[in-house]
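Next come the chains, spelled out residue by residue.
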Amino acid sequence: MMGLLGLFGRKPHERAGFDLYGAAVAAARQPRFFAELGVPDTLDGRFDLVSLHVALLIRRLRRDPDAAGPKLAQAVFDAMFADMDVNLREMGVGDLVVGKRVKRMWEAFHGRAAAYESAVDAGDVAALAEALARNIWRGDQPPAGAAAQLAAHALAVAGQLAPQPMTALKRGKAVFT
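The rules behind these values
- Residues numbered from 1 in each chain as written.
- Predicted model: local features only at pLDDT ≥ 70, side-chain atom pairs only at ≥ 80, totals over all residues.
- Heavy atoms only, no water.
- Helix = DSSP H or I, 4+ residues; strand = E, 2+ residues; numbered from the N terminus.
- Expected span 1.5 Å × (residues − 1).
- Buried < 20%, exposed > 50% of the residue type's maximum accessible area, 1.4 Å probe, protein only.
- Arc of directions from axis to C-beta.
- Contact = heavy atoms within 4.5 Å.
- 1 Å grid on protein atoms, 1.4 Å probe; cavity = no way out; pocket = protein on both sides within 12 Å on 5 of 7 lines; lining within 4 Å.
- Points joined across faces, edges and corners; volume = space filled by probe spheres on them.
- Nonpolar A, V, L, I, M, F, W, Y, C, P; charged D, E, K, R; others polar.
- Axes fitted to C-alpha atoms, helices over the stretch in contact; angles between N-to-C directions.
- Parallel < 35°, antiparallel > 145°, perpendicular 65-115°, else oblique.
- Left-handed = near helix turned anticlockwise from the far one by under 90°.
- Salt bridge = Lys/Arg side-chain N within 4 Å of Asp/Glu carboxyl O.
- Phe/Tyr/Trp six-rings, centres within 6.5 Å; stacked < 30°, edge-to-face > 60°.

A.B. asks: Can you help me understand helix H8 (residues 146-161) in this one?
C.D. replies: Residues three or four positions apart in an α-helix share a direction because the helix packs 3.6 residues into each turn. For H8, which comprises 16 residues, the first-to-last C-alpha distance of 22 Å matches the rise-based estimate of 22 Å (1.5 Å per residue) to within 8%. Listed in full, the buried residues belonging to H8 are Ala146, Ala147, Leu150, Ala151, His153, Ala154, Val157, Ala158 and Leu161. Angularly, the buried residues of H8 cover 160 degrees about the axis, an arc narrow enough to put them on a single face. For H8, the elements touching its buried residues are helix H3 (31-35), helix H4 (43-62), helix H6 (95-122) and helix H7 (125-136).

So this is what it looks like as structure tokens:
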């Protein structure tokens, strides 16, 4: 009987994935992004900041030699999009539309994450600032220096996440600048 009940339990890294996602969301909600850098305080602006922080976290997890790294990265991704689904429903988006909206968000996240990862891997602040300006300010001119400041922040976060021990990450603990 216990074996059958185990089928209905949580996935191995689900709790840690939600906790890590929560840490990324908290990091993305720093008021200075909106007040000092002029990130639009809109659904899109908040999504883009969360996407940036989650992408940096997933990058860190996928690179860890521990076999749990990629599984934990997937758990963070799953937590993010479960949260997006819930938030859209709470905002009154109809059931028939939620799936399509989440799919568009998923595709947007993947494109952004790939651009950010490439620039972070190369240590290319200019390329990262360009990708952030394009995605976060969505065609509008960011305030002077804002994209470069956000790029520097992202590189600092990537550097801060890199040495964090997998034992802490497996417990859902991550520290963001």
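Don't stop here, the text continues.
A.B. asks: Whenever I open this one, the side chain of asparagine 135 confuses me. Can you help?
C.D. replies: Along the chain, asparagine 135 turns up in helix H7. Once you skip the residues sitting within four places of it in the chain, asparagine 135 turns out to touch Asp48, Arg112 and Tyr116.

A.B. asks: Please explain the layout of surface pockets as it appears in this structure.
C.D. replies: Over the atoms rolls a probe the size of a water molecule, and its path tells where empty space is left. Each pocket or cavity is described by its volume, and for the largest pocket that value is around 270 Å³. What lines the largest pocket is a set of 15 residues, among which Arg29, Leu43, Arg46, Met84 and Asn87 lie closest to the centre. Of all the secondary-structure elements, those providing two or more residues to the lining of the largest pocket are helix H2 (14-28), H4 and helix H5 (68-90). Split by residue class, the lining of the largest pocket holds 11 nonpolar, one polar and three charged.

A.B. asks: Just to check I follow, could you spell out the packing of H4 against H8 for this structure?
C.D. replies: Each pair of packed helices can be summarised by the angle the axes make with each other and by the distance between the axes. For the pair H4 and H8, interaxial distance at closest approach is 9 Å and the crossing angle is 30 degrees. In terms of orientation, H4 lies roughly parallel with respect to H8. The interaxial crossing formed by H4 with H8 has right-handed handedness. Between H4 and H8, the residues in contact are Leu49, Leu52, His53, Leu56, Leu57, Arg59 and Arg60 and Leu150, His153, Ala154, Val157, Ala158 and Leu161, respectively. Across the contact of H4 with H8, the residue classes tally to nine nonpolar, two polar and two charged.

A.B. asks: Quick question: what am I supposed to make of the pattern of salt bridges here?
C.D. replies: Any two side chains of opposite charge can pair, so long as their charged atoms come close to each other. Counting across every chain of the model gives 12 salt bridges. For glutamate 117, the salt bridge identified is with arginine 62, shortest N-O distance 3.0 Å. Here arginine 62 lies in helix H4 and glutamate 117 lies in helix H6, a separation of 55 residues in the sequence. You can call arginine 62 partly exposed: its relative accessible area is 43%. The partner of lysine 170 in a salt bridge is aspartate 66, with the nearest N and O atoms 2.9 Å apart. Placement of lysine 170 in helix H9 (residues 166-170) and of aspartate 66 in the loop between H4 and H5 is noted, with a sequence separation of 104 residues between them. For lysine 170, a relative accessible area of 36% corresponds to the partly exposed category.

A.B. asks: How should the environment of alanine 162 be read in this particular structure?
C.D. replies: Mapped onto the fold, alanine 162 is located in the loop between H8 and H9. A relative accessible area of 48% means that alanine 162 is categorised as partly exposed. Separated by 90 residues in sequence, alanine 162 and leucine 72 have C-alpha atoms that sit 15 Å apart.

A.B. asks: Hey, could you run me through the packing of aromatic side chains in this one?
C.D. replies: Remark: the centre distance and the inter-plane angle together describe each pair of aromatic rings, the angle taken between the planes. Counted under the stated rule, the structure contains four aromatic pairs. The interplanar angle of 50 degrees and the centroid separation of 5.9 Å between the aromatic rings of phenylalanine 77 and phenylalanine 109 together place this pair among those described as tilted. Of this pair, phenylalanine 77 sits in helix H5 while phenylalanine 109 sits in helix H6, and the two are 32 residues apart along the sequence. Each ring, one from phenylalanine 81 and one from phenylalanine 109, has its centre 6.0 Å from the other, and the planes form 70 degrees; the classification is edge-to-face. Here phenylalanine 81 is found in helix H5, whereas its partner phenylalanine 109 is found in helix H6, with 28 residues between them in sequence. We classify phenylalanine 109 as buried; its relative accessible area is 3%. A connected cluster of aromatic rings, assembled from ring pairs, spans Phe77, Phe81, Trp106 and Phe109.

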